[in-house]
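Letter by letter, the chains look like this.
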Amino acid sequence: MFFGNRRTKIIERNDLWYLETQSGYEGPFDTRSEAKQYQSLQQRAEMARVEFAGIEDSLYKT
């Protein structure tokens, strides 16, 4: 699997929609719109974790 800048791809299988990720598949979703919304939420959660990781390091420095 090659993902480039995006870590997930939206794909359709048997009239259902899935997110193909580096570790497998997420879904199924009834519509492409639902899959895209889930993808957006997943990306936001990942960005929040990255920012939080930087804050955590500064909490332990005294």
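Residues numbered from 1 in each chain as written. Predicted model: local features only at pLDDT ≥ 70, side-chain atom pairs only at ≥ 80, totals over all residues. Heavy atoms only, no water.

Q: Where do I start with the packing of aromatic side chains in this structure?
A: To describe a pair of aromatic rings, one takes the distance between the centres and the angle between the planes. Taken as a whole, this structure holds one aromatic pair when the rule is applied. Ring geometry for Phe29 versus Tyr38: centroids 5.2 Å apart, planes at 40°, classification tilted. Phe29 sits in the buried class, given a relative accessible area of 13%. Judged by its relative accessible area of 31%, Tyr38 is partly exposed. (Phe/Tyr/Trp six-rings, centres within 6.5 Å; stacked < 30°, edge-to-face > 60°. Buried < 20%, exposed > 50% of the residue type's maximum accessible area, 1.4 Å probe, protein only.)

Q: Would you mind showing me how to read the pairing of strand β2 (residues 16-21) here?
A: Looking along a regular strand, one sees the side chains alternate between the two faces of the sheet. Where strand β1 (residues 9-13) meets β2, five bridges bridge the pair, whose relative direction is antiparallel. From the neighbouring strand, Ile10 faces β2, where its bridge partner is Leu19. Between β1 and β2, which pair antiparallel one after the other, the connecting turn spans two residues, and Asn14 there sits at a positive phi close to 50°. Connecting the antiparallel pair β2 and strand β3 (residues 24-29) is a turn made up of two residues. (Pairing = 2+ DSSP bridges. Helix = DSSP H or I, 4+ residues; strand = E, 2+ residues; numbered from the N terminus.)

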